[in-house]
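Here is how the chains run, residue by residue.
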Amino acid sequence: EKEADKVTHDCIEMLHQIFITPLDRDQIHKLVTTMDDILDLSEDVAQCVDLYDIHRVGPEAKVLADICVRCTERTRDAVALLGDMSRGQEILNICKEIDRLETDADQVMRSAIAKLFREEADAKEILKQKAIYELLETITDRSEDVANILESIVLENA
């Protein structure tokens, strides 16, 4: 996460030094900072598991974590294609997939929280696990934000 913060800082610094950029400066800034948000949230999940002393989570947490991994992998794939706008349709297809994954994560989180409130008797455990589910789902929200930025970049530069 610290390395990502440095990369984010370096990218923003370079944006201010370069006179002409291949893409809109504001879009690059939004893209870099939103991707950094994803890494920050990932670190938050790991820290919360440790700080809250969580020893078990429902299987939905694993499903959400898997969705998060797929979102970040697809984000990586789409960003890697930005250098070749002739592959814009591929980027747009990846963005659609990220949007679908985010919708899946919403459904998994709602189901997980409903199950948690039905089946867990310990109020502290409910709060801890609910926080984890929500953080994981927020990662997919930020991934969708990145997909929206990528779509905008492709549509404006195609």
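Refer to the structure presented above.
Fair warning: this is a prediction, and the values are worked out from it, not measured in the lab.

Looking now at the overall build of the protein. Secondary structure summary: the protein contains five helices and zero strands in total. Written out in order from the N terminus, the α and β elements of the protein read α-α-α-α-α. Burial analysis of the protein (158 residues in total) assigns 42% to the buried set. Sequence-distant contacts in the protein: of pairs separated by 6 or more residues, those separated by 24 or more amount to 79%. Total accessible area computed for the protein in this model is approximately 9,000 Å², and 55% of it derives from carbon and sulfur atoms.

Turning to the environment of Leu 51, a few remarks are in order. Among the structural elements, Leu 51 can be located in helix α2 (residues 25-51). Residue classification places Leu 51 among the exposed positions, given a relative accessible area of 65%. Along the sequence, Leu 51 and Lys 128 sit 77 residues apart, while their C-alpha atoms lie 9.8 Å from each other.

Attention now moves to α2. A turn of α-helix holds 3.6 residues, and therefore any two residues three or four places apart point the same way. The end-to-end C-alpha distance of α2, which contains 27 residues, comes to 38 Å, matching closely the 39 Å that a straight helix rising 1.5 Å per residue would cover. Burial in α2 covers these residues: Gln 27, Ile 28, Leu 31, Val 32, Thr 34, Asp 36, Ile 38, Leu 41, Val 45 and Cys 48. Following α2 by one or two positions, Asp 53 has its phi on the positive side, about 55 degrees.

This part is about unusual backbone geometry. Negative phi is the rule for most residues except glycine; trans is the rule for most peptide bonds. Although it is not a glycine, Asp 53 adopts a positive phi angle of roughly 55 degrees. Along the chain, the position of Asp 53 falls in the loop between α2 and α3 (59-81).

With respect to the helices, strands and loops of the structure, Ile 98 is situated in helix α4 (residues 88-119). For Ile 98, a relative accessible area of 0% corresponds to the buried category. Spatially, the C-alpha atom of Ile 98 lies 9.5 Å from that of Asp 145, the residues being 47 residues apart in sequence. Every residue in contact with Ile 98, bar those within four places of it in the chain, is listed here: Cys 71, Arg 74, Thr 75, Ser 143, Glu 144 and Ala 147.

Cut-offs applied
- The written sequence of each chain sets the order in which its residues are numbered from 1.
- The model is predicted, so local features are restricted to residues of pLDDT at least 70 and side-chain atom pairs to those at 80 or more, both for listing and for counting; the totals for chains, interfaces and linings are taken over all residues.
- Note: side-chain values were computed over all heavy atoms of the structure, leaving out hydrogens and water.
- Each helix is a run of DSSP H or I of at least 4 residues and each strand a run of E of at least 2, with the numbering of both proceeding from the N terminus.
- For the exposure calls, accessible area comes from a 1.4 Å probe over protein chains only, and a residue counts as buried if that area is under 20% of its type's maximum, exposed if over 50%, partly exposed in between.
- In what follows, a contact means two residues having at least one pair of non-hydrogen atoms within 4.5 Å.
- Surface exposure here means Shrake-Rupley accessible area, sampled with a 1.4 Å probe, where a residue is shielded only by the protein chains that are shown.
- Helix span is expected to be 1.5 Å times the residue number reduced by one.

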